[in-house]
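Chain by chain, the residues:
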Amino acid sequence: MRRRSVIVLSNLNKMVKEFVYRVSKMKGFPDSLAREAGGKIFTFGSYRLGVHVAGADIDTLCVVPKHVEREHFFTVMYDMLKERPEVTEITAVQDAFVPVINMHFSGIPIDFLCAPLTIARIPDDLELADNNLLKGVDDKCIRSLNGSRVTDEILRLVPNIDTFRIALRTIKLWAKRRGVYSNVMGFLGGVAWAMLVARICQLYPNACAGALVNRFFRIMYQWKWPQPVLLKPIEDGPLQVRVWNPKLYPSDKSHRMPIITPAYPSMCATHNVTDSTRTIMIKEFKRAADKVDAIMAGSGKWVDLFESSNFFQAYKHYLQVTAMSQTSEDQLKWSGLVKSKLRQLVLKLELVEMLVLAHPYTKSIDRVHYCFDEQEVKDASRGIFVSERTFIVSEGNMDTNHLDQIKEKISLSEEQEKNIKKVFTTTFYIGLYVEPKAAGSAGPRKLDLVWPTQDFLKLAKSWDKFDESTMSIVVKNVKA
């Protein structure tokens, strides 16, 4: 896997140089200057930290000279990638907080960012540590560069990289199993977990990985949130840019579990955390601390720590959100948009009377449905489907044809096979914990989920690429 990743990244680096060359020629550069303009890729996140696992995204940044614009990345570079037979499931999210191209390159998922700098050429030996490189670039570019700069700074600030990596692998596995690994859903993403582990490594520089994991859970459970987690003091730099400061900015003061990036300009990596997700994570820290205490005392086993979450048994009521469209390409974009807005639904649900907790499930379920008629399409949009003509799919195999598998189960007439309609759905779940009924209270109680649901649907459908004729979104209340 590692060797395949190295080959893919090498190919991507060559493509970035060719991309810069093409844009340079478009802008009238002579051939020699166009070749010298350079271009370089940097990896960051789990791959750069040395804790990457098979199947996980490789976070990749391409750095380009000043005459190459972000617009070129989403047109020229996008088209170059789309032409490559080994590139599949490519989507561009140009208007994201951090603009990105998502794709599979030779089967490896890549999140691809771009940062145009204010220098005329990008040499192969360029490093990104110098704060002066940030001068004159826009906020989106700073955020794109921040991923790589933060990862490098974390590695510089931990006292022992090997024990840090073992401890981080352990915490990441635990967080995924317990359903608390997802920045977009309001939990913590990879960089936030890495910074928490790095902070424990700093506090106990000589501890082995097992002792670090033990102390990690106890300290995180007892942490006085919203006291921030910092790997070093927040520094000033050469830019007139916003640096995280809760005394100055009301929105920074509202962060519930602030974990602050160590590279200038310091930002909060956990602004997505809600009251519900913070409560869930603190409860999980407590459970894990007790499990590890038992392991250290000899009465427990490590396997107990990694037991999967019982999300679908934990609540009596759930909201089921189903996003549907008619092509795999549309579905990747539409389901990605819905996923990015789901946290807004959680925030609205937290305001509902009697609703104590709204718990988003971090995984979605992707399906393809082979429908005989419009009623079946409508049913699929509401989470009702014919099991022998419905298949769970995942990124990388969205376009698989399942007709042969259907024919093995049922006989299809020629007309049915000709008229069969494929639709794609992605289903998300939110667990709802309702305030227990007070002793002696009589009569039924009613949760008002109408306004948060309607607001959320309106928000999702306001997406400029939403097409009512080919896309739908349905929110349903379902019982366990």
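What comes next is a walk through the structure. (Residues numbered from 1 in each chain as written. Predicted model: local features only at pLDDT ≥ 70, side-chain atom pairs only at ≥ 80, totals over all residues. Heavy atoms only, no water.)

Side note on the overall build of the protein
Turning to step 1, where the next piece is worked out: If you tally the helices and strands in the protein, you get 17 helices and 11 strands.
Turning to step 2, where the next piece is worked out: Its C-alpha atoms give the protein a radius of gyration of 24 Å, near enough to 23 Å, the size a compact globule of 480 residues would have.
Turning to step 3, where the next piece is worked out: Expressed along its principal axes, the backbone C-alpha trace of the protein runs to roughly 75 × 65 × 45 Å.
Turning to step 4, where the next piece is worked out: Counting every position in the protein, which comprises 480 residues, the buried fraction comes to 50%.
Turning to step 5, where the next piece is worked out: Partitioning the contacts of the protein with sequence separation of at least 6, the portion at a separation of at least 24 is 70%.
Turning to step 6, where the next piece is worked out: Counting every atom, the protein has about 22800 Å² of accessible surface; 51% of that belongs to carbon and sulfur.
Turning to step 7, where the next piece is worked out: Looking at the protein, you have 66 positive and 54 negative side-chain charges, and the mean spots of the two groups are 6 Å apart. (Helix = DSSP H or I, 4+ residues; strand = E, 2+ residues; numbered from the N terminus. Rg over C-alpha atoms; globule rule 2.2 N^0.38 Å. Buried < 20%, exposed > 50% of the residue type's maximum accessible area, 1.4 Å probe, protein only. Contact = heavy atoms within 4.5 Å. Areas by Shrake-Rupley, 256 points an atom, 1.4 Å probe, with all protein chains shown as cover. Lys, Arg positive; Asp, Glu negative; His and termini not counted. Charge placed at Lys NZ, Arg CZ, Asp CG, Glu CD.)

Topic: the pattern of salt bridges
Turning to step 1, where the next piece is worked out: Using the criterion set out here, one finds 25 salt bridges in the structure.
Turning to step 2, where the next piece is worked out: A salt bridge links Asp124 to Lys17, with the shortest nitrogen-to-oxygen separation between them at 2.6 Å. Linking Asp124 in the loop between strand 5 (108-116) and helix 5 (139-157) with Lys17 in helix 1 (residues 2-26), this pair joins segments that are 107 residues apart in sequence.
Turning to step 3, where the next piece is worked out: For the salt bridge of Lys82 with Glu329, the shortest nitrogen-to-oxygen distance reads 3.4 Å. A residue pair is termed long-range when its members are at least 10 positions apart, and Lys82 in helix 4 (residues 70-83) and Glu329 in helix 13 (residues 328-349) qualify at 247 residues.
Turning to step 4, where the next piece is worked out: Of the residues examined, Glu329 reaches a relative accessible area of 36% and is grouped as partly exposed.
Turning to step 5, where the next piece is worked out: Through salt bridges with shared partners, a single ionic network connects Glu153, Arg156, Lys232 and Glu235. (Salt bridge = Lys/Arg side-chain N within 4 Å of Asp/Glu carboxyl O.)

A short note on the side chain of Thr322
Turning to step 1, where the next piece is worked out: By the secondary structure assignment, Thr322 is in strand 6 (residues 317-325).
Turning to step 2, where the next piece is worked out: Under the relative-accessibility criterion, Thr322 is labelled buried at 1%.
Turning to step 3, where the next piece is worked out: If we skip the residues at most four places from it in the chain, Thr322 touches Ala380, Ser381, Gly383, Thr425, Thr426, Thr427, Ser472, Ile473 and Val474.

Overview of the packing of helix 7 (residues 190-203) against helix 8 (residues 209-222)
Turning to step 1, where the next piece is worked out: At a minimum axis separation of 10 Å, helix 7 and helix 8 run at an interaxial angle of 110°. Between helix 7 and helix 8, the angle falls in the class roughly perpendicular. Along the contact surface, helix 7 presents Trp193, Leu196, Val197, Ile200, Cys201 and Leu203, while helix 8 presents Leu212, Arg215, Phe216, Ile219 and Met220.
Turning to step 2, where the next piece is worked out: Residues that form the contact of helix 7 with helix 8 fall into these classes: 10 nonpolar, no polar and one charged. (Axes fitted to C-alpha atoms, helices over the stretch in contact; angles between N-to-C directions. Parallel < 35°, antiparallel > 145°, perpendicular 65-115°, else oblique. Nonpolar A, V, L, I, M, F, W, Y, C, P; charged D, E, K, R; others polar.)

Regarding the packing of helix 8 against helix 10 (residues 275-296)
Turning to step 1, where the next piece is worked out: It is the contact of helix 8 with helix 10, at a shortest axis distance of 8 Å, that shows an interaxial angle of 140°. Crossing handedness for the pair helix 8 and helix 10: left-handed. Of the residues in helix 10, those in contact with Gly210, Ala211, Val213, Asn214, Phe216, Phe217, Arg218, Met220 and Tyr221 of helix 8 are Ile282, Phe285, Lys286, Ala288, Ala289, Asp290, Val292, Asp293 and Met296.
Turning to step 2, where the next piece is worked out: The residue inventory of the contact of helix 8 with helix 10, partitioned by class, reads 12 nonpolar, two polar and four charged. (Left-handed = near helix turned anticlockwise from the far one by under 90°.)

What to know about the pairing of strand 7 (residues 355-360)
Turning to step 1, where the next piece is worked out: For strand 7, the buried fraction is high: five of the six residues fall into the buried class.
Turning to step 2, where the next piece is worked out: Sheet topology note: the strand 7/strand 10 (residues 421-434) ladder contains five bridges and is antiparallel. Along strand 10, the bridge assignment pairs Pro360 with Ile430. (Pairing = 2+ DSSP bridges.)

In short, the description is geometric, and any link to function would need to be established separately.
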